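Residues per chain are reported as follows:
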Amino acid sequence: MQLNPVAGAEGKVFVTEAGYFSNQGLYALSADDGALMWNLNYGSVRSVNPPAYSAGTVYIQTVNHSTDTYLRAYSATNGSLVFQSPHAAQWEQYYAPTVFDNTVYVNGGYYGGMYAFDAITGSQRWYATLNQYDQWTPAVSNVHAYAYVGESCSGCANAGLTAIDRLTGSKLFTIYDPGFVWNGWSMNQAPVLGEQNDVLAINGGRLISFDLGAQAIRWQVSGGFTNQPSIAKGAIYTVSAGALSVRDEATGAPL
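Please read all numbers here as calculations on a predicted model, not as lab measurements. (Residues numbered from 1 in each chain as written. Predicted model: local features only at pLDDT ≥ 70, side-chain atom pairs only at ≥ 80, totals over all residues. Heavy atoms only, no water.)

Chemist: Teacher, can you tell me more about the sheet that holds strand 17 (residues 160-165) here?
Modeler: For sheets, the rule is that strands pair by backbone hydrogen bonds, running either parallel or antiparallel. Judged by pairing direction, the sheet is antiparallel, and its four strands sit side by side in the order 15-16-17-18 without closing on themselves. Of all strands in the sheet, those with a lone pairing partner are strand 15 (139-140) and strand 18 (171-176), marking the two edges. The pairing of strand 17 with strand 18 spans five bridges and is antiparallel. When the bridges of strand 18 are listed, Ala 163 appears paired with Phe 173. (Pairing = 2+ DSSP bridges. Helix = DSSP H or I, 4+ residues; strand = E, 2+ residues; numbered from the N terminus.)

Chemist: I keep staring at the packing of aromatic side chains and nothing clicks. Help me out?
Modeler: A ring pair, where both rings are aromatic, is described by two values, the distance of the centres and the angle of the planes. Evaluation of the coordinates by the stated rule reveals 14 aromatic pairs. Seen in terms of ring centroids, Tyr 115 and Tyr 127 are 4.5 Å apart; in terms of plane orientation they differ by 40°. Their pairing is tilted. In this pair, Tyr 115 is assigned in strand 13 (residues 113-118) and Tyr 127 in strand 14 (residues 124-129), connecting sequence segments 12 residues apart. Taking relative accessible area as the criterion, Tyr 115 reaches 6% and is therefore assigned buried. What makes Tyr 127 partly exposed here is its relative accessible area of 29%. Each residue in the set Tyr 133, Tyr 148, Phe 180, Trp 182, Trp 185 and Phe 210 is aromatic and connected to the rest through ring pairs, giving one cluster. (Phe/Tyr/Trp six-rings, centres within 6.5 Å; stacked < 30°, edge-to-face > 60°. Buried < 20%, exposed > 50% of the residue type's maximum accessible area, 1.4 Å probe, protein only.)

Chemist: Looking at this model, I keep getting lost on the environment of Trp 38. Mind explaining?
Modeler: The topology assignment puts Trp 38 in strand 5 (residues 36-45). Given the relative accessible area of 7%, Trp 38 is considered buried. C-alpha of Trp 38 to C-alpha of Gln 93: the two residues are 55 residues apart in sequence and 24 Å apart in space. With sequence-adjacent residues up to four places away left out, Trp 38 is seen in contact with Lys 12, Phe 14, Leu 26, Tyr 27, Ala 28, Ser 75, Ala 76, Thr 77, Asn 78 and Gly 79. A distance of 3.1 Å separates a polar atom in the side chain of Trp 38 from the backbone oxygen of Ala 76. (Contact = heavy atoms within 4.5 Å. Polar contact = N/O pair within 3.5 Å; in protein donor to acceptor, adjacent residues only side chain to side chain.)

Chemist: What exactly am I supposed to notice about the nonpolar core here?
Modeler: When a protein is soluble and globular, its nonpolar side chains tend to lie buried together. With 28 residues, the main nonpolar core has Met 114, Trp 136, Tyr 148 and Leu 161 as its most contacted residues. Breaking this core down by element, the ones donating at least two residues are strand 13, strand 14, strand 15, strand 16 (144-149), strand 17, strand 18, strand 20 (198-203) and strand 21 (205-211). Tallying contributions element by element places strand 16 first for this core, with five residues. Grouped together as the second largest cluster of nonpolar side chains are 12 residues, Ala 9, Val 45, Ile 60 and Tyr 74 included. (Core = buried A, V, L, I, M, F, W, Y, C linked by side-chain atoms within 4.5 Å.)

Chemist: Would you take a moment to explain the sheet that holds strand 23 (residues 235-240) for this structure?
Modeler: Here six strands make up an open sheet; going across it, the order is 19-20-21-22-23-24 and the pairing antiparallel. Of all the strands in the sheet, just strand 19 (192-193) and strand 24 (243-248) have a single pairing partner and so form its edges. Pairing between strand 20 and strand 21: six bridges, direction antiparallel. The residue of strand 21 that forms the bridge with Val 199 is Phe 210.

Chemist: Would you take a moment to explain the state of the cysteines for this structure?
Modeler: A disulfide bridge is the covalent bond that connects two cysteines by way of their sulfur atoms. In this structure the tally under the stated criterion is one disulfide. Here Cys 153 pairs with Cys 156 through a disulfide, and the sulfurs are 1.6 Å apart. Between Cys 153 and Cys 156, the disulfide has an S-S torsion of 80° and is therefore right-handed. We classify Cys 153 as partly exposed; its relative accessible area is 33%. (Disulfide = S-S within 2.5 Å.)

Geometric values such as these leave the question of function open.
The structure is reproduced here in structure tokens:
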């Protein structure tokens, strides 16, 4: 059994199985001893994706196709259904939903995009179209929801970081990334909010800092960067050429 990334809260670990039209489920395990506390099964679906937790509720997306894909919410206590909200998709796999201010933000759409759902009722608040990529999730601030996705076709040169009004779904601006390297229709990362009015992303071995104020790339560094960056106290922590690399957030200089 292959597992997706997990979420933890209330003394439980919430985990889903990663599969492909296999008998996949959602499990709540005791964080103390691993005992099964409750579980749900979705049968043979394209994908059951990583869970997120917020305020007593577990959120996941289950994906088949345009008429059989849902954002689902469950009680973290006993697994009872809170809501299931349908949305468009096309056989994708997703990262865990991003929950912020009673709103759930997810990757979705038949031809690519971002949804916002009410975290309590499951009602759709908005949908914004984006280039069609999966394996990412929005980064959300007080004002914006961000998506870093690739170009829509070979040579289109429209890859980049898009800022969306998190309340209305209006696309506000895109910071284009002319150095984007295409490697399939999955991003395999989420954009990361920085502490200096910036957003960080990795592509084609580059670590990239997007300046939100100037709406431009602040800096980019090549060096075999992979996976997901994280940020703390002005430093960026990444994997570079198989080793831990720590960089200054403002300049990209090695620390």
